[in-house]
Amino acid sequence: MASHIVGYPRIGPKRELKFALESFWDGKSSAEDLQHVAADLRCSIWKQMASAGIKYIPSNTFSYYDQVLDTTAMLGAVPERYLFPGGEIEFDTYFSMVRGNASVPAMEMTKWFDTNYHFIVPELGPNTKFSYSSHKAVSEYKEAKALGIDTVPVFIGPVTYLLLSKPAKGVEKSFPLLSLLGNILPIYKEVIAELKAAGASWIQFDEPILVLDLDSHQLAAFSKSYSELKSSFSGLNVLMETYFADVPAEAYKTITSLNGISGYGFDLVRGTNTLDVIKSMGFPSGKYLFAGVVDGRNIWANDLAASINTLQALEAVVGKDKLVVSTSCSLMHTAVDLVNETKLDSEIKSWLAFAAQKVVEVNELAKALAGDKDEAFFSANAAAHASRKSSPRVTNDEVQKAASALKDSNHSRATNVSARLDAQQKKLKLPILPTTTLGSFPQTMELRRVRREYKANKITEEEYVKAIKEEINEVVKLQEELDIDVLVHGEPERNDMVEYFGEQLSGFAFTVNGWVQSYGSRCVKPPIIYGDVSRPKAMTVFWSSMAQNMTSRPMKGMLTGPVTILNWSFVRNDQPRSETCYQIALAIKKEVEDLEAAGVQVIQIDEAALREGLPLRKSEQSVYLDWAVHSFRITNCSVKDTTQIHTHMCYSNFNDIIHSIIDMDADVISIENSRSNEKLLTVFREGVKYGAGIGPGVYDIHSPRIPSTEEITDRINKMLAVLEAKILWVNPDCGLKTRKYAEVKPALTNMVAAAKLLRTQL
Ligand code: GLN
Ligand code: ZN
């Protein structure tokens, strides 16, 4: 019985890669320094898997930024504006694609399926020139081999790659991306040939696109691609890996009838029907089944006894020698190593497994199936599961009751949105095209130090409050100088928009190093929701009312919404997600009411991650949207008409859920727009009616680039072409936390100048 890992976190157990990248970008270290850190990380990961006993160890799952961008690099499909000179892609070109440079903006980034990871969207068209331009896969393979470890090089498969791409600027929107298969397959073949020559015996193609609702034309692309690649597969075993949901029956039929594929990987955690599909539709004889029973998306210890049952059922279908124990997806979506969690109490710790522990679980499952069961390991696991089931820390009857009472009732504000906006305007007296920002201001080293020292009890509460108050004061002064209309306090007391709330809610636990890569060098440290959620006391009122008292302009109270808290946490797997979400909604509702009572007139409830939780399959989407939108409405249904509720959403692709967004019934929504080429505006162009306030972001905050006044004016004019001036707000795409003041000041200056200029023309 063999074991396999789909992919492993590359950021490092203590975010070593993040720090190396940022120091390189800042010019504080050399390319060699960065390469050195990367090589050390790869080496320790491979060694760890090898010593755990894993048979199929992945390589080429490391990336300096993103695995989709790496594929773009491999194919040489660099958009023209980056002036790629040809040859092997160097850091210069590679990083300019994701960070932009003085003359051109970065490429678009979007969510990787329904995870919180973001990939760089390839821009392709009929004129894209493809050439084999990154030998990374081969050099990683050789690097591992030199350490004595034979690995399975992992690739984004050609069909997934093309279907995740978008037509480049100037190319027809309807351009058939799949028509480029003929251009990219020859490069895949070149890479495969090199890998074979280097001694590779297995390669893995990740084709997660297979779990979406594909049409027959898209499915046919699989047959076309893999039959064309088949000749280069001889002498090589090929694993086709899928994850994040079931492979629908039609797609299952298509891929299992492909020639030249040696094995298939399926997600048996999220793919709740996969076991039945395999049993009822059968599995091609002689091929390997990579059974993803260990959850790559969460931090709970595997239920080993249940996994053994699943694996035995599969064994009966495919035979003992053809079953491989695996993870449900790459482990990059979970935390790295529980060993570094020194602050979690031992009871909670016993319920958990991070990537490093999951590797061991996979191996122990494989051993047990082969008749070599580690009894102590299995009984410790069973004991941990029993303790989690019965622990009084998990259940709070009162919360359970209150949350389930919400389910079937309606929650709406008393008055419709246009009447509310009128009432609010009477009080707020804002100019047309009001300017605002989304919450955070740059987080300086000094700020981080203050928070860290306070947490470590190195400074007193008084000193801490004084430092934060000074910072808020600076941020308020700056916004007044810039002449912004609706202010924020800058969020200096928060290191993360979810963690900050989780720390003050019950039912949450926190890690010290439980980082998960979100994009590039950015990581998040999701809290762990292990029990019923409640709010012991007010969470933000102290800072928000302090900030309001510093200015006569309206100051936004700043909260994170329930759906976002849910989607950006590691969520308990012992009750439906919706139940946990309703519990959080109740807690946030109390906070909204307290803020209103404290005199805060504008409250922003961020639902940055609402889109992200959308199930991948259409059939499941409406149920999710119903409870997600409902949860948001619960938080603010009780406020006065004059209290203005804002919400904010990140990261493109909202068009398919625009009606749910409208249904959230916020007074004002700010929404990411600039990085996705204003895709958002097309829904309004196509006639969707929007009556609430809306602020499509006027510039990309993910890049250090400073937008000019003209450019911003241009953007706003595009918005004015499809949205009424009286509902339009002017704001950046997202919070400013990752930027520097040297970037934020000129960018906001230009933003306010653009708004003022346009006001004179309206
Ligand atoms: N209020 C948050 C901030 O500005 C919003 C961040 C986000 O949407 N990701 O940082
Ligand atoms: Zn955002």
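A quick note: this is a predicted structure, and the numbers were derived from the prediction, not measured.

**Concerning the overall build of the protein chain**
Logical step 1: Looking only at helices and strands, the protein chain features 27 helices and 21 strands.
Logical step 2: Computed over C-alpha atoms, the radius of gyration of the protein chain comes to 26 Å, within 12% of the 27 Å expected from 2.2 N^0.38 for 762 residues, which places it in the range of a compact globule.
Logical step 3: Taken over the C-alpha atoms alone, the protein chain extends approximately 75 × 60 × 50 Å along its principal axes.
Logical step 4: The buried share of the protein chain, reckoned over its 762 residues, is 51%.
Logical step 5: Taking the contacts inside the protein chain whose residues are at least 6 apart along the sequence as the reference set, 80% of them involve residues at least 24 apart.

**Quick word on the UniProt feature "binding site: L-homocysteine" (unreviewed entry) in the protein chain**
Logical step 1: Within this numbering scheme, the UniProt entry marks Asp606 as carrying the feature "binding site: L-homocysteine" (unreviewed entry).
Logical step 2: Position of Asp606 relative to the elements: it lies in strand E18 (residues 602-606).
Logical step 3: Taking the number of C-beta atoms within 10 Å as the measure of exposure, Asp606 has 25 and is therefore buried.

**Re the UniProt feature "binding site: Zn(2+)" (unreviewed entry) in the protein chain**
Logical step 1: With numbering aligned to this structure, UniProt lists the feature "binding site: Zn(2+)" (unreviewed entry) at His648, Cys650, His659, Asp663, Glu672 and Cys734.
Logical step 2: Summarising the element assignment, His648 is placed in strand E19 (residues 644-649).
Logical step 3: For His648, a count of 27 C-beta atoms within 10 Å translates into the label buried.
Logical step 4: For His648, the contacting residues outside a window of four places in its chain are Leu438, Gln604, Asp606, Ala608 and Ser670.
Logical step 5: Inspection of the secondary structure puts Glu672 in the loop between strand E20 (668-671) and helix H25 (681-685).

**Topic: the site of ligand 1**
Logical step 1: Close contacts around ligand 1 come from 13 residues, with Leu438, Gly439, Ser440, Ala608 and Gly735 the closest.
Logical step 2: Of the residues belonging to the shell around ligand 1, the class tally is six nonpolar, four polar and three charged.

**Points about the pairing of strand E8 (residues 202-206)**
Logical step 1: Within E8, five of the five residues are buried, leaving the element largely enclosed by the surrounding structure.
Logical step 2: Alternating residues of E8 divide into Trp202, Gln204 and Asp206 and Ile203 and Phe205, and every residue in both groups is buried.
Logical step 3: Note: strand E6 (residues 151-156) against E8, three bridges, orientation parallel. Of the residues in E8, the one forming a bridge with Val154 is Gln204.
Logical step 4: Inspection of the sheet shows E8 paired to strand E9 (residues 237-241) by five bridges, in the parallel sense. Looking at the pairing, Phe205 lines up with Met240 of E9.
Logical step 5: With helix H8 (residues 216-233) bridging E8 and the parallel E9, this β-α-β connection has right-handed handedness.

**Section: helix H13 (residues 355-369)**
Logical step 1: Given a rise of 1.5 Å per residue, 15 residues ought to cover 21 Å, and the 21 Å separating the end C-alpha atoms of H13 matches this to within 8%.
Logical step 2: The element H13 is extensively covered by neighbouring structure, given that 14 of its 15 residues are classed as buried.

**Thoughts on the sheet that holds strand E17 (residues 556-560)**
Logical step 1: One open sheet accounts for five strands, arranged E17-E18-E19-E20-E21; its pairing is parallel. Both outer strands of the open sheet, E17 and strand E21 (693-696), are each paired with one neighbouring strand and no more. Strand-to-strand twist across the sheet, computed as the mean angle between neighbouring axes with direction ignored, equals 20°.
Logical step 2: With five bridges connecting them, E17 and E18 associate as parallel partners. The partner of Leu559 across the bridge, within E18, is Ile605.
Logical step 3: Lying over the sheet, helix H22 (residues 577-597) contacts E17 and E18, oriented at roughly 175° with respect to E17.

**Digging into the packing of helix H5 (residues 136-146) against helix H7 (residues 181-198)**
Logical step 1: Interhelical geometry of H5 versus H7 gives an angle of 15° and a closest axis separation of 9 Å. As judged from the angle between their axes, H5 and H7 are roughly parallel. Helix-helix and strand crossings are classified by hand; for H5 and H7 the assignment is right-handed. Contact with H5, carried on its side by Ala137, Val138, Tyr141 and Lys142, involves Val191, Glu194, Leu195 and Ala198 of H7 and no other residues of that element.
Logical step 2: In terms of residue class, the contact of H5 with H7 is built from six nonpolar, no polar and two charged.

**Overview of the pairing of strand E14 (residues 516-519)**
Logical step 1: Sheet topology places E14 next to strand E15 (residues 522-524); three bridges connect them, and they run antiparallel. If you follow Val516 over to E15, its bridge partner there is Val524.
Logical step 2: Remark: two residues form the turn of the hairpin made by E14 and E15, two consecutive strands paired antiparallel; Gly520 in that turn has positive phi of roughly 50°.

**Re helix H23 (residues 618-636)**
Logical step 1: Under the 1.5 Å per step criterion, the end-to-end length of H23 is 28 Å for 19 residues, consistent within 8% with the ideal 27 Å.
Logical step 2: For H23, the complete set of buried residues consists of Tyr624, Leu625, Trp627, Ala628, Val629, His630, Ser631, Phe632, Arg633, Ile634, Thr635 and Asn636.
Logical step 3: The elements touched by buried residues of H23 are helix H15 (397-406), helix H21 (562-567), H22, E18, E19 and helix H24 (658-663).

Cut-offs used in this document
Residues numbered from 1 in each chain as written. Chains lettered and ligands numbered in written order. Predicted model: local features only at pLDDT ≥ 70, side-chain atom pairs only at ≥ 80, totals over all residues. Helix = DSSP H or I, 4+ residues; strand = E, 2+ residues; numbered from the N terminus. Rg over C-alpha atoms; globule rule 2.2 N^0.38 Å. Buried ≥ 20, exposed ≤ 12 C-beta atoms within 10 Å, placed from the backbone. Contact = placed C-beta atoms within 7 Å. UniProt positions renumbered as here; feature names shortened; annotations may be inferred. Near = placed C-beta within 6 Å. Nonpolar A, V, L, I, M, F, W, Y, C, P; charged D, E, K, R; others polar. Pairing = 2+ DSSP bridges. Right-handed = clockwise from strand over helix to strand, strands pointing away. Expected span 1.5 Å × (residues − 1). Axes fitted to C-alpha atoms, helices over the stretch in contact; angles between N-to-C directions. Parallel < 35°, antiparallel > 145°, perpendicular 65-115°, else oblique. Left-handed = near helix turned anticlockwise from the far one by under 90°.

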